[in-house]
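Structural overview for review
Listed below are the residues making up each chain.
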2 protein chains.
Amino acid sequence: MKIYLAGFDVFRADAVAYGESLKRACAEHGFTGLYPLDNTFDRGVHGRAAAEAVCHANLELIRQADCVMANLNPFRGHEPDSGTAFELGFATALGKDTWGYTSRHADLVQQIALVDGDAAIAMPGERYWDSEGFEVENFGLNVNLMLACTAHIVVGGPLDCLAAMALRYGAQGSVP
Amino acid sequence: MKIYLAGFDVFRADAVAYGESLKRACAEHGFTGLYPLDNTFDRGVHGRAAAEAVCHANLELIRQADCVMANLNPFRGHEPDSGTAFELGFATALGKDTWGYTSRHADLVQQIALVDGDAAIAMPGERYWDSEGFEVENFGLNVNLMLACTAHIVVGGPLDCLAAMALRYGAQGSVP
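In this report, we go over the structure that sits alongside the text. (Residues numbered from 1 in each chain as written. Chains lettered and ligands numbered in written order. Predicted model: local features only at pLDDT ≥ 70, side-chain atom pairs only at ≥ 80, totals over all residues. Heavy atoms only, no water.)

1. Thoughts on helix α1 (residues 15-28) of chain A
End to end, α1(A) covers 20 Å across 14 residues, agreeing with the expected 20 Å (1.5 Å per residue, within 8%). Next to the buried residues of α1(A) lie β1 (2-6), β2 (32-34) and α6 (158-169) of chain A. (Helix = DSSP H or I, 4+ residues; strand = E, 2+ residues; numbered from the N terminus. Expected span 1.5 Å × (residues − 1). Contact = heavy atoms within 4.5 Å.)

Shown next, in the form of structure tokens:
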């Protein structure tokens, strides 16, 4: 089974080596990891032409994949990387299985909302707000509902997610 | 032509009234705006069941739409709202035309990168980094390449984007 490895890991200083480690972890479960930086394109191309080559190569990898595993940890603020979220949406529309992992186990109200006193429990039906006056989703979910209600969300890192996927798909990694 | 109005505007305190204003602006160009909060669902339902109802209703509105217009301004940090990015990816895979607007005209290097001295011009082929050690895309684009290379990006607000869409599709709003 082929897994597209989505996430802002491609922006790490050690992005290529990190991708190799993710692919080895996939292989240990009988999966084949497809990593965005696997794409070969002309590194001499700059600007929009280079961006378009990366974009189309990534979309092609997603089409080839059986499912997507996405790093949904916060990126440059409270939100996941927008490219990663886009790729989950793209894969969802194609009928792929999608998975996401994040270290944030608390729900969005506890992560973000300005609350008086004890924020340990978000009250159902209550409305909560962030520091800029935007409402915080109060559904008991730890990521945006469009992600949480379409993907399998695992609290932990990529190895935890792969373990959950192996349980789901079996050791040989076939979509049931 | 039906336009799905994606964005974190649904989290505004005046979300319903603001959505009505967006739909009026659509109507002035001969378009029909579909706003996520148009969805009717049982407000007495809480938690995951409510989230799933919203999610599926939004996906159904996107399926009904001819195109998506998305608010890609930064949300709770530097990234666009992840639900919005997901919806753009979903619509892209369905072959819908997608549009995004943002007030950020500068490219991502100028928006985000830590640079010494004059950051007015990002050098092609040069690598730039953010405060947490993640590379900043240097393609001269003002949003993540997965969005910039699949959607028409307009610098400005929703009215600017609708004006650009009217120019593209004509006054009667038909996809060419």
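2. Some words on the packing of helix α3 (residues 82-93) of chain A against helix α3 (residues 82-93) of chain B
If you want to describe how two helices pack, look at the angle between their axes and the distance between the axes. Packing of α3(A) against α3(B) leaves a shortest axis separation of 6 Å and a crossing angle of 40 degrees. As judged from the angle between their axes, α3(A) and α3(B) are oblique. Handedness of the α3(A)/α3(B) crossing: right-handed. Of the residues in α3(B), those in contact with S82(A), A85(A), F86(A), L88(A), G89(A), F90(A), T92(A) and A93(A) of α3(A) are S82(B), A85(B), F86(B), L88(B), G89(B), F90(B), T92(B) and A93(B). (Axes fitted to C-alpha atoms, helices over the stretch in contact; angles between N-to-C directions. Parallel < 35°, antiparallel > 145°, perpendicular 65-115°, else oblique. Left-handed = near helix turned anticlockwise from the far one by under 90°.)

3. Section: the nonpolar core
Counting residues in each nonpolar core, the largest one holds 54 residues, and the members touching the most others are Y4(A), L145(A), Y4(B) and L145(B). The dominant element in this core, judged by the number of residues it contributes, is helix α2 (residues 47-64) of chain B, at seven residues. (Core = buried A, V, L, I, M, F, W, Y, C linked by side-chain atoms within 4.5 Å. Buried < 20%, exposed > 50% of the residue type's maximum accessible area, 1.4 Å probe, protein only.)

4. Description of unusual backbone geometry
Residues and elements named next belong to chain A. With a phi angle near 55 degrees, R76 is a residue other than glycine that sits in the positive phi range. Mapped onto the secondary structure, R76 falls in the loop between β3 (67-71) and α3. Using a relative accessible area of 11% as the deciding quantity, one classes R76 as buried.

5. Points about the relation of the copies chain A and chain B
For these two chains of identical sequence, chain A goes onto chain B by a turn of 180 degrees and a shift of 0.0 Å along the axis, with RMSD 0.0 Å. Here the transformation between the copies is reduced to the relation of a two-fold axis. An overlap of 100% is found between the interface residues of chain A and their copies at the interface of chain B, pointing to a shared contact surface. (Least-squares fit on C-alpha atoms with pLDDT ≥ 70 in both.)

6. Some details on the pattern of salt bridges
This structure, assessed with the given rule, holds 10 salt bridges over all chains. With a shortest N-O distance of 2.8 Å, R76(A) and D130(B) are connected by a salt bridge. With R76(A) in the loop between β3 and α3 and D130(B) in the loop between β5 (128-129) and β6 (135-136), this residue pair bridges two chains. For the pair R76(A) and D130(B), a shared accessibility class is recorded, and that class is buried. R127(A) serves as the salt-bridge partner of E135(A), at 2.6 Å between the closest nitrogen and oxygen. On the accessibility criterion, E135(A) (16% relative accessible area) is buried. (Salt bridge = Lys/Arg side-chain N within 4 Å of Asp/Glu carboxyl O.)

7. Topic: the interface of chain A and chain B
Each partner contributes residues to the interface: chain A has 52 residues there, and chain B has 52 residues. Together, R76(A), F86(A) and M146(A) form the three largest contributors to the area buried by chain A at its contact with chain B, with a combined 19%. Linking chain A with chain B are two salt bridges, by the criterion used here. Taken together, the connections running from chain A to chain B amount to 13 residue pairs in polar contact (both at pLDDT 80 or more). Secondary-structure elements contributing two or more residues to the side of chain A that touches chain B are α2 (47-64), α3, β6 (135-136) and α5 (145-148) of chain A. Top contributing element to the side of chain A that touches chain B by residue count: α3(A), with 10 residues. When its residues are assigned to classes, the side of chain A that touches chain B shows 28 nonpolar, 13 polar and 11 charged. (Buried area = accessible area lost by both parts, 1.4 Å probe. Polar contact = N/O pair within 3.5 Å; in protein donor to acceptor, adjacent residues only side chain to side chain. Nonpolar A, V, L, I, M, F, W, Y, C, P; charged D, E, K, R; others polar.)

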